[in-house]
Amino acid sequence: MLDRLPFLIGLRYVRAKRRNHFISFISLTSMLGLTLGVAVLILVLSVMNGFDRELRQRVLGMVPHTQIEQAGGMTDWQPLAERLTQREHVIGAAPYIQQQGMFSVAGRNQGAMVNGIEPDWESRVSIVDENMSRGSLDDLKAGEWHIVLGSILANNLNVDVGDSVTLLVPEASITPAGVFPRLKRFTVSGIFSVGADLDANLAYANIEDMQTLARMGDSIGGLRLELDDLFLAGQETQAIVNELGGGYRGYDWTFTRGNLFQAIQMEKRMIGLLLTVIIAVAAFNIVSTLVMVVTDKHADIAILRTIGATPGSIMGIFMVQGIAIGVIGIVIGVALGILLALTVSDIIAFVESTLGIHFLDAGVYFISDLPSQLIWSDVYQIVGAAFVLTFLSTLYPAWRAARVQPAEVLRYE
């Protein structure tokens with residue numbers, strides 16, 4: 001019977017309505033604090049995981065994992081592309097020409113990066129064809145001077161499919177009449193939308209049209225490569241450049257988007273640390289609760305000691321009580337956090353549609369909606385950390401209870 005004593009009495013103390021309402025209030029506050037801390041930590045880490053996922057799928061689905069260029073331009077690129085796709089981690093290759101320019105329509109001007117592409121090859125390295133809201137990349141036929149714009153770029157220029165836009169490139173044409181900026185009128189044949197900042201500053205044209213505009217002849221800017229593991233981009237790029245020899249250079253996605261990815265990882269760690277402090281504060285409120293309970297139960301402790309309860313059993317009683325408070329708070333917090341993590345995108349979308357506001361502007365942020373991805377390993381780590389903090393918070397009050405001397409207490413009863 002004495003072996004079960006800590007569990008029976010500890011759980012009874014949890015259920016009992018105490019005479020001291022302040023102790024009950026502190027106990028409830030500790031439980032609610034753990035619930036909110038665990039739920040918010042699960043929710044926030046899920047949102048950060050969602051941002052990380054969207055960065056990989058959306059932005060890095062449009063941005064090349066690796067770019068290989070050759071000094072003076074690259075000709076006869078098809079054999080090299082086939083050769084590179086034979087490498088272990090390379091799953092696709094496509095030619096490109098990049099040209100920074102400014103679009104102008106009826107007094108509206110906006111700068112953007114224009115990618116000259118081969119439509120039949122582009123799907124091997126990009127998800128743009130999967131995110132066409134209107135039109136198709138197949139409409140980018142050589143000599144027809146068609147162009148595909150990002151949705152935000154098209155909206156800012158107030159153009160739609162079938163409209164014309166003028167592209168000015170930062171190069172001059174020298175004519176008998178003087179020096180004029182190089183420009184060309186394109187017809188909008190499609191609009192893509194990936195829900196990222198690329199919608200505001202990226203366009204696609206046929207690679208042969210861009211060769212003509214840039215006066216590159218048969219040369220291209222380089223090859224874009226898609227890898228099966230984007231985290232191998234750095235070492236794979238270096239290995240390819242070393243293999244091809246002099247005259248070649250390579251860039252990977254970390255040059256253009258690496259800082260953003262690292263910032264998200266750093267924010268996830270820092271936010272997780274800060275929210276863990278909230279859980280710690282709630283857990284250590286259990287210390288206050290148990291200290292006051294120990295003070296209130298001096299007489300009960302003395303009686304238990306006189307009938308044979310050991311100091312270890314007394315410690316167990318109050319450890320069971322504190323852990324029970326913590327476990328209840330953690331379980332409710334986990335359930336609430338998982339529910340919010342799985343529904344936060346829908347909740348935010350409902351709030352946006354109801355209030356007519358938009359929390360994330362793709363022109364400012366790299367995505368336009370709030371993503372969430374629940375990773376169970378994060379949940380396990382949060383539960384483990386919360387339980388450890390709860391366990392540690394029970395040790396001191398339980399130790400004080402075990403040191404109560406029955407003779408000293410019963411002398412005044």
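Use the structure listed above.
Residues numbered from 1 in each chain as written. Predicted model: local features only at pLDDT ≥ 70, side-chain atom pairs only at ≥ 80, totals over all residues. Heavy atoms only, no water.

1. Here we look at the pairing of strand β2 (residues 90-105)
For step 1, the next point in the chain: Across six bridges, β2 lies against strand β9 (residues 222-227) in antiparallel orientation. Paired with Tyr96 across the two strands is Gly222, which belongs to β9.
For step 2, the next point in the chain: By the bridge criterion, ten bridges tie β2 to strand β3 (residues 108-117) in an arrangement that is antiparallel. Looking at the pairing, Tyr96 lines up with Ile117 of β3.
For step 3, the next point in the chain: Turn length for the β2-β3 hairpin, with the two strands adjacent in sequence and antiparallel, is two residues, and the turn residue Ala106 shows positive phi of about 50°. (Pairing = 2+ DSSP bridges. Helix = DSSP H or I, 4+ residues; strand = E, 2+ residues; numbered from the N terminus.)

2. Overview of the pattern of salt bridges
For step 1, the next point in the chain: Overall, the coordinates contain six salt bridges when judged by the stated rule.
For step 2, the next point in the chain: The salt bridge involving Arg87 is made with Glu243; its shortest N-O contact spans 2.5 Å. Placement of Arg87 in the loop between α3 (77-84) and β2 and of Glu243 in helix α8 (residues 233-244) is noted, with a sequence separation of 156 residues between them.
For step 3, the next point in the chain: We classify Glu243 as partly exposed; its relative accessible area is 40%.
For step 4, the next point in the chain: For the salt bridge of Arg224 with Glu122, the shortest nitrogen-to-oxygen distance reads 2.6 Å. (Salt bridge = Lys/Arg side-chain N within 4 Å of Asp/Glu carboxyl O. Buried < 20%, exposed > 50% of the residue type's maximum accessible area, 1.4 Å probe, protein only.)

3. Regarding the side chain of Thr237
For step 1, the next point in the chain: Along the chain, the position of Thr237 falls in helix α8.
For step 2, the next point in the chain: Polar contacts involving the side chain of Thr237 include one to the side chain of Thr66, which spans 3.0 Å.
For step 3, the next point in the chain: With residues near it in sequence (within four places) discarded, Thr237 still touches Thr66, Ile68, Gly250, Tyr251 and Asp252. (Polar contact = N/O pair within 3.5 Å; in protein donor to acceptor, adjacent residues only side chain to side chain. Contact = heavy atoms within 4.5 Å.)

4. What to know about a nonpolar patch on the surface
For step 1, the next point in the chain: On the surface, Phe284, Val327, Val331, Phe387, Val388, Phe391, Leu392 and Leu395 cluster together into a nonpolar patch covering about 640 Å² of accessible area.
For step 2, the next point in the chain: Mapped onto the elements of the fold, Val331 is located in helix α11 (residues 311-355).
For step 3, the next point in the chain: Owing to a relative accessible area of 52%, Val331 belongs among the exposed residues under this scheme. (Patch = residues over 30% accessible without salt bridge, like charges linked within 9 Å, V, L, I, M, F, W, Y side chains within 5 Å. Areas by Shrake-Rupley, 256 points an atom, 1.4 Å probe, with all protein chains shown as cover.)

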